[in-house]
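Chains, contacts and geometry: an overview
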Amino acid sequence: MFDDSFRRGAREGFRLFLPLSIGLIPWALVTGVAMRSSGLSVAEAIGMNAIVFAGTAQLGSLPLLMMDAPMWLVALTTAALNLRFLIFSAAIAPAFRGYSLRRRLLSGYLLVDGVFAVCADRMLKCDDPRWRWGCFIAPSVWCWVLWQGFGLLGILGAGSLPADWSLEFMATIALLVMLVPMASTRPLLVSAVVGGLGAVMLRGLPLKLGLIAAIMAGMVSGFATERWIEARKS
Amino acid sequence: MTAGVELWLTIGVMALLTLGLRGSFILLGERASLPPGVQRALRFAPVAALAALVAPDVLLDGGRFDPLDPKLAAALVVIVIASRSRNPWLPFLFGMGVLLVLRKGLGW
């Protein structure tokens, strides 16, 4: 299993992902602290970190869990926040051709933005399945260990931080920091503004339907803006 | 606050959804692919969802807009820093700093 080809792939994947992975440390810490200051117990926070293993979805679910939102709303919001993985999964899938179901399941659980961003291209270009596996699994496991380790530090450390420091606001900051670079083009910015203002204006709708309506409106308006800009260019 | 069994169920549902989306095409293998039009539309989902989650928390204080809300000032500082720097620590330091100084120091 750990033959030469695998090891070379693992080294390459690790080398590509290492600089990016350092940026995960504050996220893991903040997610750990935010889960605890939102009201999750130590066990619940550790469980969520390990079972869900998706920072955006975890942070995004916290304001909803705090207001005791219905489960389907948390589920729909998680799906919307994680829809990007559908695109990543479709793009990277050819690199897993011929692998066993167990390996594919593990890969599905471990796939994260950073590893996809730096490794997908190399993996898709390589014909050696053992090299590809090394290139994926080494940085992915490293990412998992970092996330769980620093997440745990945040979860346990949150208790010794003062309770009246509004630390739950760290989740809001984290979501904002993810949002800012994402709204990089005009259509994406329109999508963000419509989604944000929509959620504020539609907050009175029953069953928190306003949030889902706002997300849909944001998606439609972004897509429409993109089509409109293209139509004007041609 | 969602708690107890319901919270664990919610966590389980979140995990299954995440695994389903991440694993989707990896598990399906060569049997399926995503049409380019769908891929383009899906790109807007995370941005719209993030904004929809953050905006009410930043813009509203007890259900009303307050231009002097410390959370609003802190959020603006975070947006400025995040759009200028890629340092992962700065937004948290300055965002929490502004919030705490305004709330505790000045009593806003």
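All figures in this text were calculated on a predicted structure; none of them were measured in a lab.

1. What about the packing of aromatic side chains?
- According to the stated counting rule, one finds ten aromatic pairs over all chains in the structure shown.
- Consider the rings of A:Phe223 and B:Phe44, whose centres lie 6.5 Å apart with planes at 70°: the pair is edge-to-face. Highlighted residues: A:Phe223 in helix α11 (residues 209-233) and B:Phe44 in helix α3 (residues 44-59), drawn from two different chains.
- Given the relative accessible area of 0%, B:Phe44 is considered buried.
- In textbook terms, an aromatic cluster arises when at least three aromatic residues are bridged by ring pairs, as seen for A:Phe96, A:Tyr99, A:Trp133 and A:Phe136.
- It is A:Arg84 that lies over the ring of A:Phe85; its NZ or CZ is 4.4 Å from the centre.
- The ring of A:Phe85 carries B:Arg22 above its face, with NZ or CZ at 4.4 Å from the centroid.

2. Considering the interface of chain B and chain A
- On the side of chain A, 92 residues touch chain B, which itself brings 67 residues to the contact.
- The tally of links from chain B across to chain A stands at three salt bridges.
- In this structure, A:Glu230 engages B:Arg40 in a salt bridge whose closest nitrogen and oxygen atoms are separated by 3.3 Å.
- Between chain B and chain A we count 18 residue pairs in polar contact (both at pLDDT 80 or more) in total.
- At the level of secondary structure, the elements contributing two or more residues to the side of chain B that touches chain A comprise α1 (4-28), α2 (36-42), α3, α4 (70-84) and α5 (90-105) of chain B.
- No other element matches α1(B), which puts 21 residues into the side of chain B that touches chain A.
- Residue composition of the side of chain B that touches chain A, by class: 46 nonpolar, twelve polar and nine charged.

3. What to know about the domain arrangement of chain A
Residues and elements named next belong to chain A.
- Assigned domains of chain A: these are domain 1 (4-167) and domain 2 (183-234).
- Between domain 1 and domain 2, the C-alpha centre-to-centre distance is 27 Å.
- At the interface, seven residues of domain 1 touch six residues of domain 2.
- For the pair domain 1 and domain 2, the summed buried area comes to about 590 Å², and 90% of that belongs to carbon and sulfur atoms.
- Its largest share of buried area at the contact with domain 2, domain 1 owes to Met 67, Trp 72 and Leu 73, together 52% of the area lost on that side.
- Where domain 1 touches domain 2, the interface holds zero salt bridges.
- Seen at the junction of domain 1 and domain 2, the total is zero residue pairs in polar contact (both at pLDDT 80 or more).
- It is helix α5 (residues 71-92) that contributes the most residues to the side of domain 1 that touches domain 2, five residues altogether.
- For the side of domain 1 that touches domain 2, the residue count by class is six nonpolar, one polar and no charged.

Cut-off values and rules
Residues numbered from 1 in each chain as written. Chains lettered and ligands numbered in written order. Predicted model: local features only at pLDDT ≥ 70, side-chain atom pairs only at ≥ 80, totals over all residues. Heavy atoms only, no water. Phe/Tyr/Trp six-rings, centres within 6.5 Å; stacked < 30°, edge-to-face > 60°. Helix = DSSP H or I, 4+ residues; strand = E, 2+ residues; numbered from the N terminus. Buried < 20%, exposed > 50% of the residue type's maximum accessible area, 1.4 Å probe, protein only. Lys NZ or Arg CZ within 6 Å of the ring centre and 35° of its normal. Contact = heavy atoms within 4.5 Å. Salt bridge = Lys/Arg side-chain N within 4 Å of Asp/Glu carboxyl O. Polar contact = N/O pair within 3.5 Å; in protein donor to acceptor, adjacent residues only side chain to side chain. Nonpolar A, V, L, I, M, F, W, Y, C, P; charged D, E, K, R; others polar. Domains from an automatic or database assignment. Buried area = accessible area lost by both parts, 1.4 Å probe.

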